Each structure stands twice: as C-alpha cells, then as structure tokens.
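A look at the structure
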Amino acid sequence: MKKLQKVTLTINDREVTAKEGMTILEAARDAGIYIPTLCYHEKLAPYGACRICTVELSRNGRSRLVTSCVYTVENGLIVKTESPKVIKVRKLLLELMLASSPAKAIQDLARQYGIEKRRFEADKTNCILCGLCVRYCSEIKQANAIGFVGRGTERRVVFHPEIASTVCASCRECFSLCPTGKLPSETDGVCFDDLTLDDFLKTQQSPA
Amino acid sequence: MTKNLSNVNQIIAKYQGDQSALIQMLLEIQRENRWLPKPVLARLSQKLGIPISQIYHIATFYKAFSLIPQGRHTVSVCLGTACHVRGAPRLLDRVTDTLKLNPGETSVDYKFTLKTVNCLGCCALGPVMVVDGEYYGKPSAKEIEKVIANCD
Amino acid sequence: MRLKSPADLQEKRQQIISLRDSSRHCVTICSGTACHAYASEKTALAFVEEIKSSGLKDNVDIRRTGCHGFCERGPIVVIFPEEICYLGVKPEDVSEIVSTTLMGKGLVDRLLYKDSNGEKVVHEGDIPFYKNQTRIVFGNNRLIDPKNIDDYIALGGYDALTKALFEMSPDDVMEMVKRANLRGRGGGGFPAGMKWETTRNAPGKTKYVIVNADEGDPGAYMDRSLLEGNPHSVLEGLIIGAYAIGSHKGYVYVRQEYPLAIENLSIALNQAGEYGLLGKNILGSRFNFDVTVHRGAGAFVSGESSALMNAIEGKVGEPRPKYTRTAVSGIGDKPSNLNNVETWANVPLIISRGADWFASIGTEGSKGTKIFSPDRWTVGRVHT
C-alpha cells in the first residue's frame, strides 16, 4: 500500500502536520483545533451542505473562503478558522438556518457567534437539509428509506413508505443524528406526520 | 398499466440496462405516458438496482418530469428574462384566462397542462408560447384562443 | 458509403461538388428554431410547390439552412448566387419572389431590409446587423442544410480532422490550440489548451471529452443556433480535441428545451458514422471515437461542469461539493475535458488556418471571435 505523504499547513498561526488526502477539517480536529459543523459525521462522506465549517485560506496576499470538510490539505496552506470574513459568513448562515429551525444546536451556535437579528421569515420546515439522515440511511444502513425530493427552496426530506414500513421501526438510528430534532419529534417512524411524497407533490401544483 | 410496464422493459432494453442512462429512460417514459407512474418507477428501481429514493430525487429535481398525470396537450409560456421584458407576464395572464388553469395545473379532463419554462432560446420572437412543441411568438389573444380551440 | 482514407474524403467532396452547379439559383430558407416558429417550413413548402408549378424544378435548388442569426426578422430567405436577402417571407410572398427574382431579374422591394434612411439593402452581408461582423464560426450556417453532411463536406468540412489525424501528432494539435490561445466560450474564458493538457496529463487511460450544450442564460441562444445550424463543426472540433487528449469517448449534453438541436445533432452523428468519420478507425487512421448524446431534463444548475457530469452518470445534476478539477476527476472520476459548443466549433478553424491566423483576430488577452445573441434588449456576454 502506498505510504501517505505528510502535509504541513498552518491553521490559526499554528503549524499542523496532516496526512495526504485529509481534509482541512480532519486535520484541524486531529490537532485539537475547533471548527463548528452541523452536517459533518466522521462515518459519512463529507457533504458540504451546512457550510458552517467555512474557513479562510490565504496565499500570496489573496484570500478565499472554502468549505473545510471537503477541501483537501496542501503543503503551505494558511488557514484561519475564525477570521472576520469567516465569522460574517457563519452568522449569516446561522441566521438563515434559524428561519428553518429553532433547534438548540443552532441556537447555541447563534449565541456563540452573537446573532441578535432575525431578518428572515420562518419557513416552519424544522429542517436545515443537512442530509445526515438521508446519507446515513444510504451509506451506512444501505436502506435508502428516506431521501431528498425537490430542488432549491422546494427541497424536502421525505420517507419512502415502500422501504420505511419494513425497516424503520426497528432502526431509527437517524433520529439521534438530526440536528433539529425533526426526526424524533415529527415522525411515527415510517413517515413524517405532515410530509409524504404525495404531500410534497401537491405543493408543486400550486402556482408560483 | 401492463402496457406501461412492458414499455418500461423495452426502454430499459434500449439502454442496455445502463444505470447512467436513467435520466434518458425517464425522459422517454415521461414522453410516452405524459407522467411517471409510480409502478413504472418501482419497476425501474428493481431492474436497474437503483434505490427508489434516488429515482424520486431525480424525478422531482428536474422540471421535465411529472409524478402526476398531465394533460394530452402541454402549453408552455416562457418566462425567461428576454420574454419577461417583452411582456411574458401579460401573455401568461391571457393564457391562464383562456385555459382557466394556473401554471403547474392540469385540467380535470386531462386535456391541458399549463407550464412555465425559462428560456427556449428564441428570444427574438418573445414572448413565446409553445403548444405541443409548436412555437408561437407574440401571439394575440385571438391567436391563443384559436390554437387552444384547435387542440382535440 | 464509408470513407476509408483522406483520399476517399477528397473524392467524395469532388463528387458532391460536381453534382452541384453554383451558377444555378439556390433558394435558402432559414430553418432554425426561431424562423421555424415563424412558420418557415410553410414558406419552404410554398417554394417547393411554386418552383415545381413554374417549371423551374430542374433549374432551382432549395435548401433549408441553419440559423442565420437575424431571428427578429425571420423567416429569412437568401437567394444565391446573387445573395439577395428577403426578410419576413411568408407563404403568400413566394409566388411574387419566384416570378420577380427567379424568373425575372427583379427585386421584391417590400421584403428587403431598409436602413434608418429608408435605403434598401439587397445583399445579406450589407445589412447593418451583419456588416461589421466577421462570422468565421457562424457564417456557414446560412450555406448548409444541417441535416445533410454533404453540404458541410462540400465547404471543406472534415479537412481539419484529416490534417490532425494524418499530418499532426496529438502533441502538435495540443500545441497549436495552446498557441492560438483559444479561451472557453461558455463564459469562463479558461484557456482551452491548458484544460486539454491537464486532462491529457491526468493519470488514467480512460478519458472523456464533453460538449456543454446546456446553455441556459435567458436571452442567450448562440449555442442553440450553432448546434442546430452546423452540428458537424462542433463534432469535428470534438473529434480533433479527443485525438489531442487521448480520449475515445465523447458526450454532448444538450438541454431538452432544444429539441431541434438534439434532432439535427443526432442526424449529424448518424451521417458521420455512416461516412466513417466517427466510430472505429476514423478515415483509416486507427483512431476510434464514439459520441453519446445526453439530454438534460430542465435544470439550469446542471450546466455547471461537475453537475453536468453527475447528470451524465445518471445521478442528480447537482454540483459536486469537492474542490477537484473535473479535468482530473470527472465522469466516473476519470479525467474529463468539458468545453462549450462554440469553443469546440473554433477548433477545426484553428487547425485549418493555423494558430497565428486565429491569434491575429481579437484583443491582446482574448483571441478569435465571439458569437453574441442580441435582440432589441441586448443580452449576451462579452469577452474582455
């Protein structure tokens, strides 16, 4: 097996050694450096949905914001995890998520980053589309009982009763992963009380 | 329904059961049936070895697909930027008045479905209405009525 | 009839040209989507009927061509060899055109373009819309029937491919495109040659080349017109690129809102295959290359490179979260070179006329020409 090269980068002015192929998030965690996440799970392929793990990279006087859970480490990277640009982005992201869910995990982060304004209208979905449930059911359980439907602002998570009715009652492992608590609180374990695929399709029929 | 399912087998065979051709298969099923019936999707899932959740994700992601039956005649009004500045909203109003349908709706007799689309690439004709693949640029109220009335 | 060598292609071209008399009248009717929406097909049929009933069938050719670009004034009819351009031609105008212009030597004034001074303009090239344009990529649209490969061959089509396959190495082709400084015409403006090189040098034997015809910007229909009107120009460029990169499989991702482009492209692929210009052992060069058309299903976001490749894999057409270049890891994680329709169409011109010629057009940082889609409210993209 090919031996993985070492990669050296700087995170928050600290030199960090990582293995080739690691992401910035993994390298930071390994080094005990905190980067907040909501959609990350060490057993699942990184997804980049919540963007809370955004960090700032600088090189040659120019900087850019990247999603640390999907950005592979490179030699010489200079990373800032709490720069003013990063904090500004995180605050906006959290403010947007609060419009979808009042969940404790989001409230805690909001408090941490000093969010006071709530400028966005609540959408009452109680879902931030982190995809943990969908991805866990697909990648780990390989059951695919729950999935995404729709696109953009119409995207929702629904159970598929054809599968869910046979596997969910004895599993429910996604319940503890859900950052908003939607899964444990709004489902009978086979489908959401108010959102089946047919419910979703009815919403698509309404005029724009 | 048996006809639908045997058509599906033919379509799958046409693409040699290649999973990567799923979207192409769905396009053909949509064109033949005017929607994607659930038993047909279940058959696709089974034959191609693709989870039904993935098929529903694709079917609800793309505008070309419908999971509910659509009308025999599809009337589309382009709301792309160029058509918009050329008066597409007013055209849409005239079309909704004529059909007595809102965008996304299908008439109860399954004769018409009204859709909006974004940019068909013939902006110089805008605003554009398409009925069953025939393009009409800047149609007058009278022309709209005539075209709709001619649909059987 | 399969062409097995460059000599066969030359012979075929001579054969096509010998059966054509360029001194005869040829009535061309634009049959792009926009003119088609103006019922150009009814106009075309009216010409067929009128020419037949006037006894001119053996003296006048009729050709339905690709988009001329002046969509606002369609249906556009251009009569060769004089290049008399009539605009907004309806079926009821046809008998007057036949008797006045084809049988007589007159003009039907009311159908000519009138400039801002009321002066009439007879020739298409003199119309202000066209006058200041150098239509190197788009210009052949008006001369060819996109459903007939012979028209493309008659104009020199596939000579660039022959030159690339038989007189140049893949490296030579790569270097020429790099020297020409062809930049992506899809909006990104990334140097095409550089992207080709990245794909070629990426590890792995299997590589793909892709045409991005998912043009979704409202008001932009350059790619639609080019793919409908001259699909072989895009295909020829794609095969040349595949040769340079070392790819034997290509995809054309076309949005399903462009049914005529899909139709004409499919016909072009079949005809190219029949002639041995596509498939195994192209023109006897031992280079194999095959193309699959993938239709979109109505999602603007699927025009982004990684999203498009996801869609080709049969997955949801969403961008990939990872920061990897698709030139290195694309379809099925294999190196995949994606370029826009117009980018590919420039390639045969560069090979035929050379990098220096191409670089002599355009600005310091941006070589070559750019197709625009203007209408009364101008929309389009400008290369700076």
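In this text the structure is predicted, and so the values were computed from the model without any measurement.

Points about the nonpolar core
One finds C:Tyr158, C:Trp196 and C:Phe289 to be the most contacted residues of the largest nonpolar core, which totals 87 residues. With 9 residues, the top contributor of residues to this core is helix H11 (residues 231–245) of chain C. Leave out the neighbours within four places in its chain, and C:Trp196 touches C:Val173, C:Met174, C:Val177, C:Gly241, C:Ala244, C:Ile245, C:Asn337, C:Asn339, C:Trp344 and C:Val347. Counting 64 residues, the second-largest nonpolar core is a separate cluster that includes A:Cys178, B:Ala59, C:Met309 and C:Leu338.

Focus: the interface of chain A and chain B
Facing 18 residues of chain A, the contacting portion of chain B comprises 17 residues. Both sides together, the interface formed by chain A and chain B hides about 1400 Å², and carbon and sulfur atoms give 61% of it. Viewed at the interface, chain B and chain A are joined by 1 salt bridge. Residue B:Lys38 pairs with A:Asp198 through a salt bridge whose shortest N-O separation is 2.8 Å. Secondary structure elements with two or more residues in the side of chain A that touches chain B: strand E6 (146–149), helix H5 (161–167) and helix H7 (197–205) of chain A. Considering only residue class, the side of chain A that touches chain B consists of 8 nonpolar, 6 polar and 4 charged.

Observations concerning the domain arrangement of chain A
How big an interface is tends to be stated in terms of accessible area lost as the parts join. Residue and element names in this part refer to chain A. Each domain of chain A was delimited in the assignment, giving domain 1 (1–124) and domain 2 (132–205). Of note, the centres of domain 1 and domain 2, computed from C-alpha atoms alone, are 26 Å apart. Residue-level contacts link 13 residues of domain 1 with 10 residues of domain 2. Both sides together, the interface formed by domain 1 and domain 2 hides about 960 Å², and carbon and sulfur atoms give 64% of it.

Considerations on the packing of aromatic side chains
All names here are of chain C. Considering all chains together, one arrives at 12 aromatic pairs over all chains under this definition. Centre to centre, the rings of Phe-70 and Tyr-113 are 6.2 Å apart; their planes meet at 50°, and the pair counts as tilted. On the criterion of sequence distance, the pair formed by Phe-70 in the loop between strand E2 (60–65) and strand E3 (77–80) and Tyr-113 in strand E5 (residues 113–114) is long-range, its members being 43 residues apart. Note on accessibility: Phe-70 and Tyr-113 belong to one class, buried. On the numbers, 5.7 Å between centres and 25° between planes, the contact of Trp-196 with Trp-344 is stacked. In this pair, Trp-196 is assigned in helix H9 (residues 192–201) and Trp-344 in helix H14 (residues 341–353), connecting sequence segments 148 residues apart.

Quick notes on the interface of chain C and chain B
Each partner contributes to the interface: chain C provides 37 residues, whereas chain B provides 32 residues. Between chain C and chain B, roughly 2700 Å² of surface is buried when both sides are summed, and carbon and sulfur atoms account for 58% of that area. If you look at where chain C meets chain B, you find 2 salt bridges. Close ionic contact of B:Arg86 with C:Glu72 constitutes a salt bridge, the shortest N to O distance being 3.7 Å. Linking chain C to chain B there are 9 residue pairs in polar contact (both at pLDDT 80 or more). If you list the elements that add at least two residues to the side of chain C that touches chain B, you get helix H2 (33–37), strand E9 (290–295) and helix H13 (305–312) of chain C.

Some words on the packing of helix H8 (residues 170–180) of chain C against H9(C)
If you want to describe how two helices pack, look at the angle between their axes and the distance between the axes. Residue and element names in this part refer to chain C. The geometry of H8 relative to H9 is characterised by a closest axis approach of 8 Å and an angle of 150° between their N-to-C directions. Residues Pro-170, Asp-171, Val-173, Met-174, Glu-175, Val-177 and Lys-178 of H8 form the contact with H9, whose participating residues are Gly-193, Met-194, Trp-196, Glu-197 and Arg-200. Class assignment of the residues belonging to the contact of H8 with H9 gives a composition of 6 nonpolar, 1 polar and 5 charged.

Here's the deal with helix H7 (residues 141–149) of chain B
Residue and element names in this part refer to chain B. Every buried residue of H7 is listed here: Ile-144, Val-147 and Ile-148. All buried residues of H7 fall inside an arc of 95° around its axis, so they share one side. Those residues of H7 that are exposed and angled more than 90 degrees off the buried face are Lys-142, Lys-146 and Ala-149. The inward-facing, buried residues of H7 abut strand E1 (73–78), helix H6 (88–99), strand E2 (112–117), strand E3 (128–131) and strand E4 (134–137).

What about the domain arrangement of chain B?
For chain B, the assigned domains read domain 1 (2–61) and domain 2 (73–149). Here the C-alpha centroids of domain 1 of chain B and domain 2 of chain B sit 29 Å apart.

A word on the sheet that holds strand E5 (residues 78–80) of chain A
All names here are of chain A. Spatially, E2-E1-E5-E3-E4 is the arrangement adopted by the 5 strands of the open sheet, whose pairing is mixed. Looking along the sheet, the strands with just one partner apiece sit at the ends: strand E2 (14–19) and strand E4 (62–67). This sheet shows a mean twist of 35° between the axes of neighbouring strands, independent of strand direction. Sheet topology places strand E1 (residues 6–11) next to E2; 6 bridges connect them, and they run antiparallel. For Thr-8, the partnering residue across the bridge sits in E2 and is Thr-17. The sheet contacts of helix H2 (residues 84–100) involve strand E3 (54–59), E4 and E5, and relative to E3 the element is tilted by about 155°.

Points about the packing of helix H3 (residues 40–53) of chain C against helix H4 (residues 94–103) of chain C
Residues and elements named next belong to chain C. At a minimum axis distance of 9 Å, the contact between H3 and H4 shows a crossing angle of 55°. With respect to each other, H3 and H4 are oriented oblique. Where H3 crosses over H4, the handedness of that crossing is right-handed. Contacts between H3 and H4 involve Thr-43, Ala-46, Phe-47, Glu-50 and Ile-51 from the first element and Val-94, Ser-95, Ile-97, Val-98 and Leu-102 from the second. Looking at the contact of H3 with H4 residue by residue, the classes come out as 7 nonpolar, 2 polar and 1 charged.

What counts as what
Residues numbered from 1 in each chain as written. Chains lettered and ligands numbered in written order. Predicted model: local features only at pLDDT ≥ 70, side-chain atom pairs only at ≥ 80, totals over all residues. Heavy atoms only, no water. Core = buried A, V, L, I, M, F, W, Y, C linked by side-chain atoms within 4.5 Å. Buried < 20%, exposed > 50% of the residue type's maximum accessible area, 1.4 Å probe, protein only. Helix = DSSP H or I, 4+ residues; strand = E, 2+ residues; numbered from the N terminus. Contact = heavy atoms within 4.5 Å. Buried area = accessible area lost by both parts, 1.4 Å probe. Salt bridge = Lys/Arg side-chain N within 4 Å of Asp/Glu carboxyl O. Nonpolar A, V, L, I, M, F, W, Y, C, P; charged D, E, K, R; others polar. Domains from an automatic or database assignment. Phe/Tyr/Trp six-rings, centres within 6.5 Å; stacked < 30°, edge-to-face > 60°. Polar contact = N/O pair within 3.5 Å; in protein donor to acceptor, adjacent residues only side chain to side chain. Axes fitted to C-alpha atoms, helices over the stretch in contact; angles between N-to-C directions. Arc of directions from axis to C-beta. Pairing = 2+ DSSP bridges. Parallel < 35°, antiparallel > 145°, perpendicular 65-115°, else oblique. Left-handed = near helix turned anticlockwise from the far one by under 90°.

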